[in-house]
Amino acid sequence: MGGSSYQHSVVTTQQRSSMTHCPGNIELQNITRVSEFHLLGLSEDPVLIPILFGLFLTMYLVMVLGNLLIILPVSSDSHLHMPMYFFLSNLSLADIGFISTTVPKMIVNLLNHIRVISYGGCLTSVFIIFGCMDDLLLTMMAYDHFVAICHPLHYSVIMNPRLCGFLLLLSLLISLLDSQLQNLSVLNFSYFKDIEISNFFCDPSQLLNLTCPETFSSTIVKCFVFAIFGFIPISGIFFSYYKIISSILRIPSSSGKYKAFSTCGSHLAVVCVFYGTGLGVYLGSAVSHSPRTGAVASVMYTVVTPMLNPFIYSLRNKDLKNSLRRLCSRLF
């Protein structure tokens, strides 16, 4: 089923080889407009398919349950109605959306041996929205720690509910803008260099890298995406932690320094995992000539990272663990 649909939607092998680079004259090259793309699977070995199915299903269920165990206590316990937990619960919600856009579809594709996704399916993916939300929420959490440590006397005034709601709405609007810009940019192109997507999922950002020919507008969109996903959030986090570390070093007692560091330790660990795996995916795809290596590396970024976040926060947070115990005692 997947193979015949794939063959119906693509051009011949000779034409596909000419699509790896944008030709000077598209009409002379006779590049066929495509309506479907071929996803790269994690393995071709039929013996590994049931193992991968069980592994990813387990990881998905653990991730959803772990993040729900953060959202439920924060929403039900008035002691946790603070800016830090407000952003944390929304980060958990974004993580659930982030992984739910890729893993369930991948599990279905593993069972049905489908490697094809439609052009419309790529454009309607909301993966980029939740990914951008994750990025921006981590930046806002860094700002929250900055205010808490550097301006503790004014914390409740600065981080008021109105500002927290505004920052959350702003992150959602920026994420939607980023996603729509990529969609609109891709829609301006009718031809692509290739129909092979070197990943187990598809979203507009990947199609943007396959557009043919390269234009000034697509370059501008790519720069905007880099600014939203990389430069601005990382700069904000670095600036916040520069100020945080400077303030902590001025604390005279070692116990005070430890308490201040432990306040932002979980967030710093999540930031390192999030950007570390993202950088690993980028470097892995740049160094390795194997597309499957890049696909496996992207699993770390899209699956493993959202699964680890609840463990990092819950294991280091006494308030969250106590609230979870109270919630469990009320339910059972």
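As the structure is a computational prediction, the values presented were derived from the model and not from experiment.

A. Geometry of the overall build of the protein. Looking only at helices and strands, one finds 15 helices and five strands in the protein. For the protein, the residues scored as buried account for 47% of the 332 residues in total. In the protein, the proportion of contacts linking residues at least 24 apart, taken out of those at least 6 apart, comes to 79%.

B. Main features of the side chain of threonine 139. Along the chain, threonine 139 turns up in helix 8 (residues 127-150). Engagement of the side chain of threonine 139 in a polar contact is seen with the backbone oxygen of aspartate 135, the distance being 3.1 Å.

C. Representation of the nonpolar core within the structure. Of all hydrophobic cores here, the largest spans 68 residues; its most connected members are Phe56, Phe87 and Leu137. Looking at this core, the elements that each hand over two or more residues are helix 4 (48-76), helix 5 (83-100), helix 6 (103-112), helix 8, helix 10 (161-187), helix 12 (216-249), helix 13 (254-287) and helix 14 (291-316). Broken down by element, the residue count for this core peaks at 15 residues, all from helix 8. Ignoring sequence-local partners within four residues, the contact set of phenylalanine 87 consists of Leu137, Met140, Met141, Asp144, Met159, Cys164 and Leu167. Leu39, Cys122, Leu123 and Leu207 belong to the second largest nonpolar core, which has 11 residues in total.

D. Representation of helix 5 within the structure. Between its first and last C-alpha atoms helix 5 spans 26 Å; for 18 residues at 1.5 Å apiece the expected length is 26 Å, and the two agree. Burial of helix 5 is extensive: 14 of the 18 residues sit out of reach of the surface.

E. Spatial organisation of the UniProt feature "transmembrane region" (unreviewed entry) in the protein. Mapped onto this structure's residue numbering, the UniProt feature "transmembrane region" (unreviewed entry) falls at residues 47-72, 84-104, 116-138, 159-177, 219-239, 260-283 and 295-315. Strand forms 0% of residues 47-72 and helix 96%; the C-alpha atoms that close the span are 39 Å apart. Taken end to end, residues 84-104 is 90% helix and 0% strand, and its first and last C-alpha atoms sit 30 Å apart.

F. How the structure looks around a nonpolar patch on the surface. Together, Leu169, Leu172, Leu173 and Leu176 give the surface a local cluster of nonpolar side chains, amounting to about 330 Å² of exposed area. Its place among the elements puts leucine 172 in helix 10. A residue is classified by how much of its surface remains accessible, and leucine 172, at 35% relative accessible area, is partly exposed.

G. Highlighting the packing of helix 8 against helix 10. Where helix 8 contacts helix 10, the axes come no closer than 9 Å and their chain directions differ by 145°. Note that helix 8 runs across helix 10; the crossing there is right-handed. Contact residues: helix 8 offers Ile128, Ile129, Cys132, Met133, Leu136, Leu137 and Met140, while helix 10 offers Leu167, Leu168, Ser171, Leu172, Ile174, Ser175, Leu176, Asp178, Ser179 and Gln182. Looking at the contact of helix 8 with helix 10, its residues break down into 12 nonpolar, four polar and one charged.

H. Examining the packing of helix 4 against helix 6 more closely. For the pair helix 4 and helix 6, the least separation of the axes is 10 Å and the interaxial angle reads 160°. The angle between helix 4 and helix 6 places the two elements in the roughly antiparallel class. In this structure, helix 4 crosses over helix 6, and the sense of that crossing is left-handed. Residues Ile49, Leu52, Phe53, Phe56, Leu57 and Tyr60 of helix 4 lie in contact with helix 6, whose contacting residues are Val103, Pro104, Met106, Ile107, Leu110 and Leu111. Class assignment for the residues of the contact of helix 4 with helix 6 results in 12 nonpolar, no polar and no charged.

Parameters and conventions
Residues numbered from 1 in each chain as written. Predicted model: local features only at pLDDT ≥ 70, side-chain atom pairs only at ≥ 80, totals over all residues. Heavy atoms only, no water. Helix = DSSP H or I, 4+ residues; strand = E, 2+ residues; numbered from the N terminus. Buried < 20%, exposed > 50% of the residue type's maximum accessible area, 1.4 Å probe, protein only. Contact = heavy atoms within 4.5 Å. Polar contact = N/O pair within 3.5 Å; in protein donor to acceptor, adjacent residues only side chain to side chain. Core = buried A, V, L, I, M, F, W, Y, C linked by side-chain atoms within 4.5 Å. Expected span 1.5 Å × (residues − 1). UniProt positions renumbered as here; feature names shortened; annotations may be inferred. Patch = residues over 30% accessible without salt bridge, like charges linked within 9 Å, V, L, I, M, F, W, Y side chains within 5 Å. Areas by Shrake-Rupley, 256 points an atom, 1.4 Å probe, with all protein chains shown as cover. Salt bridge = Lys/Arg side-chain N within 4 Å of Asp/Glu carboxyl O. Axes fitted to C-alpha atoms, helices over the stretch in contact; angles between N-to-C directions. Left-handed = near helix turned anticlockwise from the far one by under 90°. Nonpolar A, V, L, I, M, F, W, Y, C, P; charged D, E, K, R; others polar. Parallel < 35°, antiparallel > 145°, perpendicular 65-115°, else oblique.

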